[in-house]
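Analysis of the macromolecular model
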Amino acid sequence: MSERVIPLVDQRVSSLPVRVPATPIAATGLLGDALGRPLRDLRISVTDRCNFRCSYCMPKDVFDKDYPYLPHSALLSFEEISRVARLFLAHGVRKIRLTGGEPLLRKNIEILIEQLSALRTADGTPPDLTLTTNGSLLARKARALKAAGLSRVTVSLDGLDDAVFRRMNDVDFPVADVLRGIDAAMDAGLGPIKVNMVVKRGTNEHEILPMARHFRGSGVVLRFIEYMDVGATNGWRMDEVLPSADVVRLIHETLPLVQLDPSAPGETAERWGYADGSGEIGVISSVTQAFCRDCNRARLSTEGRLYLCLFASQGHDLRELLRGGASDQEMASAIGAIWQQRDDRYSELRASLPADASRGARRVEMSYIGG
């Protein structure tokens, strides 16, 4: 029997220096990358810590009590995050998503939300300000988050069976508390709420129909995510991926579905509505049906590194500019130059890449950069 080998590599050490281009790049709201993809979505990780130990993200045998998390001094301050976000909005970003780790573990996160909600896009409208959470702290924080200016939340939930869920989060956290958090978010007006379920073959695929039945008609949009090869520590194998087409087929046999149009350009989820009009589901198929050609997302790590792909191995060190006295114009030009050179499309190329174990070891962890 083969043993699982987990590379103990600090994924944060590799970064790229950021240079200010000699010719300034104006923030016109129309920034495109090397493949013509616009910049529309900024995902900001506010912490590399999480109180769950899901095997596909932060396996306990790697992220144990001795794991060296980032010191507080290394993290971007709320003011630094807000400054960077303002510059991204000027370049065309319309949606900001706060992630982690578990973002609700970041102390006084409501202050950051209040600062970000006061910003405006290039056309003068408020940004779509969202947050992804495991739901563990949502019941106690939902109203404060809404009052601070958060638009809506996405909750990660990988099954309704309590034994399955406790086994997957690996900290014995009960599913009932996450469901209470979802109810609290609905009551606070943090909707439309999305619930993300990572489907791992052999682990929780039997929870697909119970989850669909539970959220059907509730106003919650349930989305099924293919188990992805993010980072180097989750022991990913292709045979544990359940294709989204199989998920749709399984639900359709019991609860008939009709395909819906995308809600926005660059949308990661393929939308399916219940034929009787009782709601919709989504499937995110980054393994079997790559959507790189429409990807309009940038990711900012908790200590200020800009990543251009979820599967990237290196980030661009914006913190050095932030703390080195760079002006807004210099920062905006640097961001513009980075995006203009972007040509990432890992998911489209995955099948043709060589089977190189070190390639996986270089990729950044999802718990560090967010989903």
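What you see as residue numbers is a count from 1 along each chain, following the sequence as written. Under the rules for a predicted model, residues below a pLDDT of 70 receive no local features and side-chain atom pairs below 80 are neither given nor counted, while totals for whole chains, interfaces and linings still include all residues. Calculated side-chain values reflect all of the structure's heavy atoms, with hydrogen atoms and water omitted.

Okay, the packing of aromatic side chains next. Between the rings of Phe, Tyr and Trp (Trp by its six-membered ring), a pair exists once the centres lie within 6.5 Å; its type follows the angle of the planes, with under 30 degrees stacked, over 60 edge-to-face, and the other angles tilted. According to the stated counting rule, one finds 4 aromatic pairs in the structure shown. For the ring pair Phe 52 and Phe 173, a centre distance of 5.2 Å and an interplane angle of 50 degrees mean the geometry is tilted. Of this pair, Phe 52 sits in the loop between β2 (41-45) and α1 (78-90) while Phe 173 is found in the loop between α4 (162-169) and α5 (175-188), placing the two residues 121 residues apart along the sequence. Centroid distance Phe 63 to Tyr 67: 4.6 Å. Interplanar angle 45 degrees. Geometry classified as tilted. Each member of the aromatic cluster is reached from another via a ring pair, and the members are Phe 52, Phe 165 and Phe 173. The secondary structure listing takes helices from DSSP runs of H or I that are at least 4 residues long and strands from runs of E that are at least 2 residues long, numbered from the N terminus.

Before going further, it helps to spend a moment on the confidence of the model for the protein chain. pLDDT is a per-residue confidence score from the predictor, ranging from 0 to 100. Within the protein chain, residue pLDDT values average 89, and 89% of them lie at 70 or more. In this description, contact between two residues means that some pair of their heavy atoms is separated by no more than 4.5 Å. pLDDT under 50 marks residues 1-11. Its contacts with residues more than four places away, or in other chains, come to 20 contacts. When the criterion is pLDDT under 50, residues 355-361 qualifies, and its contacts beyond four places in sequence or with other chains add up to 8 contacts.

This next bit is on unusual backbone geometry. Look at the link from Gly 100 to Gly 101: it is a cis peptide, with omega at 15 degrees. Take Gly 101: it is sitting in the loop between β3 (95-99) and α2 (109-117). With omega at 0 degrees, the peptide bond leading from Gly 191 into Pro 192 counts as cis. Here Pro 192 shows up in the loop between α5 and β6 (194-199). Positive phi is not limited to glycine here, since Asn 108 has a value of about 60 degrees. Within the secondary structure, Asn 108 sits in the loop between β3 and α2.

So, about the pattern of salt bridges. By convention in these notes, a salt bridge is any Lys or Arg side-chain nitrogen within 4 Å of a carboxyl oxygen on Asp or Glu. As enumerated under the stated definition, the model contains 18 salt bridges in all. Between Arg 86 and Asp 328 there is a salt bridge, with its nearest N and O atoms 3.0 Å apart. Highlighted residues: Arg 86 in helix α1 and Asp 328 in helix α9 (residues 328-340), separated in sequence by 242 residues. Three labels apply to residues, based on accessible area from a 1.4 Å probe with only protein chains included: buried if under 20% of the type maximum, exposed if over 50%, partly exposed otherwise in between. By relative accessible area, which is 36% here, Arg 86 ends up partly exposed. The shortest N-O distance in the salt bridge between Arg 180 and Asp 177 comes to 2.0 Å.

As a further point, take the nonpolar core. The definition of a nonpolar core used throughout is a set of buried Ala, Val, Leu, Ile, Met, Phe, Trp, Tyr and Cys residues joined through side-chain atoms within 4.5 Å. Ranked by internal contacts, the top residues of the largest apolar core, which has 97 residues, are Phe 88, Leu 98, Leu 157, Phe 224 and Ile 251. In this structure, Ala 74, Leu 75, Tyr 307 and Tyr 368 belong to the second largest nonpolar core, which totals 12 residues.

Here a disulfide denotes a covalent bond joining the sulfur atom of one cysteine to the sulfur atom of another. Throughout, disulfides are identified as pairs of cysteine sulfur atoms within 2.5 Å of each other. As enumerated under the stated definition, the model contains 0 disulfides in all. Not engaged in a disulfide, the cysteine Cys 54 finds its nearest cysteine sulfur in Cys 50; these two sulfurs lie 6.5 Å apart.

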